[in-house]
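Inside the fold
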Amino acid sequence: MSGDRGGVIPSPNIWHWPHLYEAENRAQDVDGAVFATIRSTVDWTAENVVDVGCGSGFHLPMFAADARYVIGVEPHAPLVAAARTRVESLANVDVRAGRADALPVDTGSVDLVHARTAYFFGPGCGPGISEAMRVLRPGGALVVVDLDATASPYGDWMRADLPHYDPAAVEAFFDAQGFEMRRVDTRWAFPDRRILRDVLGIEFSPRVARAAARQVDGLTLNVRYRIHVRYKPTGVESI
């Protein structure tokens, strides 16, 4: 995606509130449904993984537990530093400064490119898809994990804040690009109401965040994701 900071569009949540986003990461998908779905589609055991837009590196240790080698790519310098600190004891993880449309990764060197709610938002993300295909080995996969704005209640709040966002158009874009898609229902669980409200406050406008907090009864929240998967062809086609 293009922007005025060296081609990078700032993330509105983790760039400005990294500690709150850490709490959000801990609350998300506490049952591990997303990772289980990815693994059932692309098993990264003993493989090389790239995590695009890795942020502070929250997911890097999860991949590193089974992967042969993991590369986290992140454009925002403070988050690069935080991710490196997080994984400094892991010999099979490297964090590199870079962008989705210019990955600092060798051609044909990885088996899985993972991107979770980072860069790949449908039309406009073509350069990032091309870069992922470049760095993947034949038979490797690009896995894009995004929030499903068609599912209540989280999707209702997203659409209230982003009236021009068209979930159907995004899904049609990925389908036209050769992606398979699965919907995954997850459960978010927060330690207390204050953190729940604070997390909603960095994800939505004040008006929508207040309304969302009133709609959540207790400390758990059901959130649906879309998982888009595109494989790099094998054989002559992949050249």
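Now for a description of the structure that goes with this document. Counting from 1, residues in each chain are numbered in the order their sequence is written. In keeping with the model being predicted, local features are shown solely for residues with a pLDDT of at least 70 and side-chain atom pairs are shown and tallied solely at 80 or more, while totals for entire chains, interfaces and linings include all residues. Hydrogens are left out, water is left out, and the side-chain values use all remaining heavy atoms of the structure.

**Section: the overall build of the chain**
We count it as follows: A run of H or I in DSSP counts as a helix once it spans at least four residues, and a run of E counts as a strand once it spans at least two, with each numbered from the N terminus. In this setup the radius of gyration rests on C-alpha atoms only. A globule is expected at 2.2 Å times the number of residues raised to 0.38. Contact criterion: two residues are considered in contact whenever any of their non-hydrogen atoms come within 4.5 Å of each other. The method behind every accessible area is Shrake-Rupley, applied with a 1.4 Å probe, and residues are considered shielded solely by the protein chains displayed.
Helices and strands together make up the secondary structure of the chain, namely 9 helices and 7 strands. Against the compact-globule benchmark of 18 Å for 239 residues, the chain has a radius of gyration of 17 Å, which places it among compact chains. If one aligns the C-alpha atoms of the chain with their principal axes, the spans along those axes are about 55 × 40 × 40 Å. In the chain, once contacts between residues fewer than 6 apart in sequence are set aside, the share between residues at least 24 apart is 73%. Accessible surface, the chain: about 11,100 Å² in total, of which carbon and sulfur atoms supply 52%.

**Quick look at the sheet that holds strand 3 (residues 93–97)**
Worth spelling out the cut-off: In short, DSSP must find at least two bridges between two strands for them to pair. Between N-to-C directions, angles span 0 to 180 degrees; the directions come from axes that are lines fitted to C-alpha atoms, helices contributing only their stretch in contact.
Judged by pairing direction, the sheet is mixed, and its 7 strands sit side by side in the order 3-2-1-4-5-7-6 without closing on themselves. The open sheet has two edge strands, strand 3 and strand 6 (180–189), and neither has a second partner. Going from strand to strand, the sheet's axes swing by 20° on average, the running direction of each strand aside. Examined bridge by bridge, strand 5 (residues 136–147) and strand 7 (residues 220–231) share 7 bridges and lie antiparallel to one another. Counted as the bridge partner of Val144 is His228 from strand 7. Against the sheet, helix 6 (residues 154–161) engages strand 5, strand 6 and strand 7, with an angle of about 80° to strand 7.

**Focus: the nonpolar core**
Formally: Definition used in this section: a nonpolar core is a set of buried Ala, Val, Leu, Ile, Met, Phe, Trp, Tyr and Cys residues joined via side-chain atoms within 4.5 Å. Throughout, exposure labels follow a simple rule: accessible area from a 1.4 Å probe, protein chains only, divided by the maximum for the residue type, with under 20% read as buried, over 50% as exposed, and the rest as partly exposed.
Grouped together as the largest cluster of nonpolar side chains are 46 residues, with contacts concentrated most on Tyr154 and Trp157. Here the element with the most residues in this core is strand 7; it accounts for 5 residues. Among all residues touching Tyr154, those that are not within four sequence positions of it are Glu24, Leu147, Trp188, Glu203, Phe204, Leu221 and Val223. Within the second largest apolar cluster, 24 residues are counted, among which are Ile71, Val110, Val135 and Val170.

**Here's the deal with the pairing of strand 2 (residues 69–74)**
Here is the rule: A crossover gets the label right-handed when its path from the first strand over the helix to the second runs clockwise, viewed with the strands pointing away from the viewer.
The element strand 2 is largely enclosed, with a buried count of 5 among its 6 residues. As defined by bridge partners, strand 1 (residues 48–52) adjoins strand 2 across 5 bridges and the pair is classed as parallel. When the sheet's bridge partners are listed, Asn48 is paired in strand 2 with Tyr69. The sheet contact formed by strand 2 and strand 3 spans 5 bridges and is parallel. Within the sheet, the bridge partner assigned to Gly72 lies in strand 3 and is Val95. Read as a crossover between parallel neighbours, the route from strand 2 over helix 4 (residues 77–86) to strand 3 is right-handed.

**Concerning the side chain of Asn25**
Mapped onto the elements of the fold, Asn25 is located in helix 1 (residues 18–27). In contact with Asn25, other than residues within four places in its own chain, are Phe58 and His59.

**Description of the pattern of salt bridges**
We apply this condition: Think of a salt bridge as a Lys or Arg side-chain nitrogen and an Asp or Glu carboxyl oxygen that are within 4 Å of each other.
A full pass over the atoms with the stated rule returns 16 salt bridges. Glu22 is paired through a salt bridge with Arg86; the nearest N and O atoms lie 2.7 Å apart. In this pair, Glu22 is assigned in helix 1 and Arg86 in helix 4, connecting sequence segments 64 residues apart. Judged by its relative accessible area of 18%, Glu22 is buried. Residue Arg86 is classed as partly exposed on the basis of its relative accessible area of 29%. One connected set of salt bridges, linked through shared partners, spans Asp146, Asp148, Glu171, Arg183 and Arg226.

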